[in-house]
Amino acid sequence: MTPYLQASAVEVSFGGLRALNDCSFTIQQGHITCLVGPNGAGKTTIFNVITGFLKPNSGSVTFKGQPLDGWKPQAIVAAGIARTFQNLRLFVDLTAVDNVLASLPGQTGEEPLAAIFRPFHVAAAQRRRREEALAILDRVGLSARSGDFVRNLSYGEQKLLIIARVLATGAELLLLDEPASGLSSGALEDVMALLRSLRNDGKTLLVVEHNTRVVQKIADDVLFLHQGHLMAQGSPETIVNDPALAEIYFGGAI
Amino acid sequence: MDFWFSYIALASIYVLLGLSTNLLVGIAGIFSVSQAAVFGVGAYIVAFFLMNDITSFLPAMAIAAVCCIALNILVTLPALRVSGDYFVVTSFGIQLLATAVFTNWTDGTGGANGLPGIPPPDLAGKALEESWQVVLLCLGGMALGCLIFWLVMRAPFGRLLRAIREDELAVAATGKSVLRAKVSAAALAGAFAGTAGGLYATFLSFIDPSSFDLDASILLLTMVVVGGARTLAGSIIGPFLLLALPQILTLVDIPTTIAAAARQLIYGVLLIAFMLFRPQGLAGEKL
Amino acid sequence: MLALQLLCNGIVTGCALGVVAVSFSFVYATTKIFHVAHAGVYTLGGYVAWSMLGHGFPTAVAVLTAIAAATALGALIQGLLYARLERRKATHLVVLIASLGTLAVIQNILAAVYTADILRFNLPWGAEVFRVAGNVRLTMTQLLTVVVSLVAYGGVMWFSNGTILGKQIRAVASNPFLAEITRLQPRRVHIYVMAIASALVCLPGILVPMDFGLQPYNGITPLLTATIAMIAGGVGSITGAFVLAIVITELQNMSLLFIPGEWSIGVTFFIFVIFMLFRPTGLFAAAR
C-alpha cells in the first residue's frame, strides 16, 4: 500500500545551517499526527517543504504516491494539502467571513472579466459561497463573529478562524502550526475538541505542538524531530515516557 | 465656459488614469513611474489610426486598449518576477525609453513637435464636432471606468487583491495564484491607461511627448497619493483636485518661466507630506 | 580613431558613474532604501559648485562647499524623512514614493532658481587638452575625473574594510536587529551612511557637469545607469558596482558607433534586461 504522506531523506540547509538532515517519515491517513521536538528541530521547515514554500536541497515528499517535487504552493493546495502559520497571518483588515471567503477555491469573479461582464451571476454565486463560508465558521464555533474584523477578535478566536480558513481550502491533509499555543485552558479544550472532530470527519492532521498534555490527548501518532532528523516515531505514551527523548526535549531547560 | 469644458474633460480622462495607477500602485502594490508611458502609447495609437483614416474611433480605442494591456503586462511582469526594488529601475527605464521613442521616432510620432490635427472622435458614423459632445464622451468614459472598477473591487477579485495587499504568503498558502491576480490587475490598469490616451488625443486633437514624460507619471502618482489609494473615491478626488492646481497657480502670479517647475515642486511636496502625515490620502486606505 | 576616443570617454564617464553606483550601493546595502532622491543630491552638488565659482570663489572652496551642502542634505533626508517613516513602520512603497517626492522637490527648486537651461562651467584649466596615443584627446577635467573617482573608490574600499565605523556599518547592513541589541545604534549609523554617500556622490556631481554641463533634471539618467550597475554587479559588492558602471558606460559609448546618441537610454536599458534575464543576482554577488 502506498503511504499517505511520505518524506524521504529531505535535506534543507540555510547557509551553513542544516535545518533538515536526512529527514524521513510517513503519516497515516485519518490520523492526528503530532510533530514535536525542541526549538529549531525543523518542524516549521518541514511544513515549508511539504507545502512547496521551500525547495529541499535533496530528498522528496510524496502524497498518495505522487511526488510533489517542484510543485508550486497553489498546486499543492489543489492536490489537497493546506497549512497554517505559527504567527497566523490572518487578513486583519478583512472580516472573519471574508477571511474564509478569500480561501474558498474556484470562485466565479475571481478574475476581472467575469466580474465585469457577468456582475449579477457573480453576485448570486457570492451569496451561495457566503453561506458556505458561514457554515465553516459555524463548524469552528465562530458564527456569531462572522461580520467582525479580525483585529477585534480575541486571540483564541483568531486561532479558531485560522482553522476555518484552512478548512475553506477544502484540503484533506491539514498542517497546523501550533494551533493550541498561547491559549487559556477553556479555549484549549475547544481547539482540541475541534481537532478531534475534524479527524472524525475524515481529515488527516499533522500538528506541531509543544504541550505534552495536548499531545497525549489528541495524537494518534507522534513524530519526534531533533536537529532536523526524525529521532523517534510512536504512540504518544511511548514518546512522552521515553527518558532519552525527555532529556533532549527538556534538557537544560528545567 | 470653454475653461469648464476642458477642465471636466481632462479631469475625466485623468480619473481613468488615476484608476489605472491606483490598480497598479495602490492595489497591486507595484511602484510605477511609467504609467504616463502607457497612456502615451494609447494616445499615439489612436492618433495614428484616426489620422490615417484606417478605422473609426471605437475600433481604434479597442486596439489601443488591447495594445496597452499587452504593454502593461509586459512592463509589470519583471516586477512580479524579481524583487520589488529592481522594478524601480525597470519602471524608470521604461518611462525614459518611452520618452526617447516619442521624441525621436519622428516618422511615427512627429517627434518633439508632436502630432497636430487629430480628427475628433466619432460615434455611429457621426463626428463629434461640438466640444460639449466630446466632454460628454469623456464623462461617459470616466463613468464606465468607475463602474468597472467598482464591479471588480466588490467581486471576489477585489477581495483577493485586498488579501494579497495584506499578506501575499498567506494568500499563496490558501492556494491562490498571487502572480495571476497581479497580472490581471496590471492588464486592467493597461486598458484604463490606453482608453484614457485615446480620449486625450481626440479631445485635444494635438499630442506631444511632454504629456507623457516622467513628470506626467509623477503627477499620476501624486493624484493617487493625494486622493487615496485603493478606493474609487480617492481615484476621483485626486485628479479633480490636482488639475485645478495649475489654475490656482495662475492666480498667484508666478513668472511663466518657472510655472512648470513650481507645479512639479508642489507635486513633490505633496508626495512627501502625504507619505509622512497621511499615507491613506484624503479618501483612501493605507498604502 | 573615433572608437578609441569613445573608449577613453567611456572610461572617464564610467569611473564617475562608478562613484555614483558605489555611493548608491552603500546606502542601499545598509538601509535597504532605494534612495531615488540620490539623483537630487548628485545634481545639487554641481549647482552649488557652479554658483560658488560664479561668485569668484577659488575652486577648492567651491568644491568643499558643495560637498558640505550635499552631505548636509543627505543627512537631513535620512534624519527628517527616512528615519521618521521607519519609526512609523511605513511600507517600502511609501518610503519609495517619499524618496521620489524628495527628488522632485530638489530638482524643481533648482529649476526654479537656475532655470531649466543648460549651464556650463567656465574653467580655463579644465579645458586644457592632452593628447594620448595619437589623436585621442583628453581634457584636464577628464583626467581629474578618473583620478578622483579611483581615489574615491579606493577610499570607500579602505573605509569599509579598514576602519571601525566601516565595519560597524557592514554589521548594521548584514543584521540591523543584532546591531541594535549590541548598541551599534543603527539609526545613527544610517545617518552617517547617508552623509558619506552624499559627500561621495557630490564628486561625480561636480566632475561630470564640468564636461557635459548642468541641468536640473540630469541626475536621473546617471542614477539609472548606477543602479543598473549595482544590480548587475551584485548588491553589496563595492567593486562589482564600480566595475559594472565602467562596463555599462563603455558599452553605451561604443554603441554610439552604430546607434545615434538619443537612443543610448535604450542601450542601457537593454543591458539591464539582459542581466535580469540571465543573471538577476549580479556578477559579483556573494555566494550564499
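Model, not experiment: these values are computed from the prediction.

Undergrad: Explain the overall build of chain C to me, and be specific about the residues and the numbers.
TA: Helix and strand counts for chain C stand at 11 helices and 2 strands. Going residue by residue from the N terminus, the α and β elements of chain C occur as α-α-α-α-β-β-α-α-α-α-α-α-α. For a compact globule of 288 residues, the expected C-alpha radius of gyration is about 19 Å, and chain C comes in at 19 Å, within 12% of that figure. Based on the C-alpha atoms only, the size of chain C along its principal axes is roughly 60 × 50 × 35 Å. Expressed as a percentage of its 288 residues, the buried residues of chain C come to 51%. Restricting the contact set of chain C to residue pairs at least 6 apart, pairs at least 24 apart contribute 77%.

Undergrad: Tell me what's going on with the overall build of chain B, and back it up with residues and numbers.
TA: Within chain B, the regular secondary structure consists of 12 helices and 2 strands. Its helices and strands taken in sequence order, chain B reads α-α-α-α-α-β-β-α-α-α-α-α-α-α from the N to the C terminus. Against the compact-globule benchmark of 19 Å for 287 residues, chain B has a radius of gyration of 18 Å, which places it among compact chains. Each principal axis of the C-alpha distribution contributes one length, and for chain B these read about 55 × 45 × 35 Å. When burial is assessed residue by residue, chain B has 58% of its 287 residues classed as buried. At a minimum sequence separation of 6, the contacts of chain B that also span at least 24 residues come to 77%.

Undergrad: Hey, could you go over helix H12 (residues 256–277) of chain B for me, with residue numbers and the actual values?
TA: Its 22 residues place the ends of H12(B) 31 Å apart at the C-alpha level, agreeing with the 32 Å of an ideal helix rising 1.5 Å per residue. Three or more residues of H12(B) are buried, namely Ala261(B), Gln264(B), Leu265(B), Tyr267(B), Gly268(B), Leu270(B), Leu271(B), Ile272(B), Phe274(B) and Met275(B). In this fold, the buried residues of H12(B) make contact with helix H10 (214–227) of chain B together with helix H3 (59–87) and helix H4 (92–114) of chain C.

Undergrad: So what's going on with the interface of chain C and chain B? Which residues, and what values?
TA: Tallying the contact residues gives 38 residues for chain C and 34 residues for chain B. With 15 residues, H4(C) is the largest single contributor of residues to the side of chain C that touches chain B. Here the residues of the side of chain C that touches chain B are counted per class, giving 27 nonpolar, 9 polar and 2 charged.

Undergrad: Describe the confidence of the model for chain C, listing the residues and the values that go with them.
TA: For residues with low pLDDT, the predicted coordinates do not support detailed interpretation. Of the residues in chain C, 96% have a pLDDT of 70 or more, and the chain-wide mean is 90. Of all the helices and strands in chain C, helix H7 (residues 176–181) of chain C carries the lowest mean pLDDT, 68, while helix H2 (residues 38–54) of chain C carries the highest, 97.

Undergrad: Pulling in residues and values, what's your account of the sheet that holds strand S4 (residues 58–63) of chain A?
TA: All names here are of chain A. Within the open sheet, the 4 strands sit side by side as S2-S1-S4-S5. Their pairing is antiparallel. A strand with exactly one partner marks an edge of an open sheet, and here the two such strands are strand S2 (17–27) and strand S5 (66–67). Here 7 bridges tie strand S1 (residues 5–14) to S2, and the two strands are oriented antiparallel to one another. Its bridge partner lying in S2, Phe 14 is registered against Leu 17.

Undergrad: Could you give an account of the pairing of strand S2 (residues 136–139) of chain C, naming the residues involved and the relevant values?
TA: Residues and elements named next belong to chain C. Of the pairings in the sheet, the one linking strand S1 (residues 129–132) to S2 comprises 4 bridges and is antiparallel in character. From the neighbouring strand, Val 132 faces S2, where its bridge partner is Val 136. Counting the residues in the hairpin turn of S1 and S2 gives 3 residues, including Ala 133, whose phi is positive at 45°.

Undergrad: Can you lay out the pairing of strand S8 (residues 204–208) of chain A for me, pointing to particular residues and giving the numbers?
TA: Residues and elements named next belong to chain A. Summarising burial for S8: 5 of the 5 residues are buried, a large majority. Where burial is concerned, the two faces of S8 agree: the one with Thr 204, Leu 206 and Val 208 and the one with Leu 205 and Val 207 are both buried. At this point the chain moves from strand S7 (residues 173–177), through helix H7 (residues 185–200), to the parallel S8, and the crossover so formed is right-handed.

Undergrad: Lay out the sheet that holds strand S10 (residues 229–234) of chain A in plain terms, naming residues and giving numbers.
TA: Residue and element names in this part refer to chain A. The sheet built from 6 strands is open, its strands ordered S6-S7-S8-S3-S9-S10 with mixed pairing. Lying at the two open borders of the sheet, with one neighbouring strand each, are strand S6 (81–83) and S10. Adjacent strand axes in the sheet meet at a mean angle of 20°, parallel and antiparallel pairs treated alike. Relative to S10, strand S9 (residues 221–226) is paired through 5 bridges, and the arrangement is antiparallel.

Undergrad: Tell me about the nonpolar core, and name the residues and values.
TA: Formed by 284 residues in total, the largest nonpolar core has its most connected members in Ala164(A), Leu271(B), Ala21(C) and Ala229(C). Per-element tally for this core: the top contributor is helix H8 (residues 186–212) of chain C, with 16 residues. Excluding anything up to four places from it in sequence, Leu271(B) contacts Thr222(B), Val225(B), Ile97(C), Ala98(C), Leu100(C), Gly101(C) and Ala104(C).

Undergrad: Tell me about H2(C), and please be specific about residues and values.
TA: All names here are of chain C. Relative to the 24 Å expected for 17 residues at 1.5 Å per residue, H2 spans 25 Å between its end C-alpha atoms, a close match to the ideal helical length. Burial runs high along H2: 13 of the 17 residues are buried. Positioned one or two residues after H2, Gly 56 has a phi angle of 85°, which is positive.

Undergrad: Can you lay out unusual backbone geometry for me, pointing to particular residues and giving the numbers?
TA: At Lys64(A), a residue that is not glycine, the phi angle is positive and equals roughly 50°. Residue classification places Lys64(A) among the partly exposed positions, given that 14 C-beta atoms sit within 10 Å. Even without being glycine, Asp253(B) reaches a positive phi, approximately 55°. Here Asp253(B) lies in the loop between helix H11 (232–251) and H12.

Undergrad: I'd love a proper account of the environment of Lys182(B), names of residues and values included.
TA: All names here are of chain B. For Lys 182, the location among the structural elements is in helix H9 (residues 178–204). On a C-alpha basis, the gap between Lys 182 and Ala 79 in space is 10.0 Å, while along the polypeptide they are 103 residues apart. Dropping the residues within four chain positions of it, Lys 182 is found in contact with Ala 28 and Leu 80.

Undergrad: Describe in detail the packing of helix H1 (residues 2–31) of chain C against helix H5 (residues 140–162) of chain C, supporting the description with residues and values.
TA: All names here are of chain C. Put simply, H1 and H5 touch, their axes get as near as 8 Å, and they point 30° apart. Considering their axes alone, H1 and H5 lie roughly parallel with respect to each other. Seen from above, H1 lies across H5 with left-handed handedness. Across the interface between the two elements, Ile 11, Val 12, Cys 15, Ala 16, Gly 18, Val 19 and Val 22 from H1 touch Gln 142, Thr 145, Val 146, Ser 149, Leu 150, Ala 152, Tyr 153 and Val 156 from H5. Looking at side-chain class alone, the contact of H1 with H5 contains 11 nonpolar, 4 polar and no charged residues.

Undergrad: A description of the environment of Lys176(B) should follow, citing residues and the corresponding values.
TA: Tracing the sequence through the fold places Lys176(B) in the loop between helix H8 (168–173) and H9. Of the residues examined, Lys176(B) has 26 C-beta atoms within 10 Å and is grouped as buried. Expressed as a C-alpha distance, the spacing of Lys176(B) and Val89(B), which sit 87 residues apart in the sequence, is 28 Å. Setting aside residues up to four positions removed in sequence, Lys176(B) forms contacts with Gln74(A), Leu160(B), Val171(B) and Ala181(B).

Undergrad: Can you lay out the environment of Val66(B) for me, pointing to particular residues and giving the numbers?
TA: Inspection of the secondary structure puts Val66(B) in helix H3 (residues 57–81). Distance from Val66(B) to Leu242(B), taken between C-alpha atoms, is 28 Å for residues 176 residues apart in sequence.

About the cut-offs
Residues numbered from 1 in each chain as written. Chains lettered and ligands numbered in written order. Predicted model: local features only at pLDDT ≥ 70, side-chain atom pairs only at ≥ 80, totals over all residues. Helix = DSSP H or I, 4+ residues; strand = E, 2+ residues; numbered from the N terminus. Rg over C-alpha atoms; globule rule 2.2 N^0.38 Å. Buried ≥ 20, exposed ≤ 12 C-beta atoms within 10 Å, placed from the backbone. Contact = placed C-beta atoms within 7 Å. Expected span 1.5 Å × (residues − 1). Nonpolar A, V, L, I, M, F, W, Y, C, P; charged D, E, K, R; others polar. pLDDT = per-residue confidence, 0-100. Pairing = 2+ DSSP bridges. Right-handed = clockwise from strand over helix to strand, strands pointing away. Axes fitted to C-alpha atoms, helices over the stretch in contact; angles between N-to-C directions. Core = buried A, V, L, I, M, F, W, Y, C linked by C-beta atoms within 7 Å. Parallel < 35°, antiparallel > 145°, perpendicular 65-115°, else oblique. Left-handed = near helix turned anticlockwise from the far one by under 90°.

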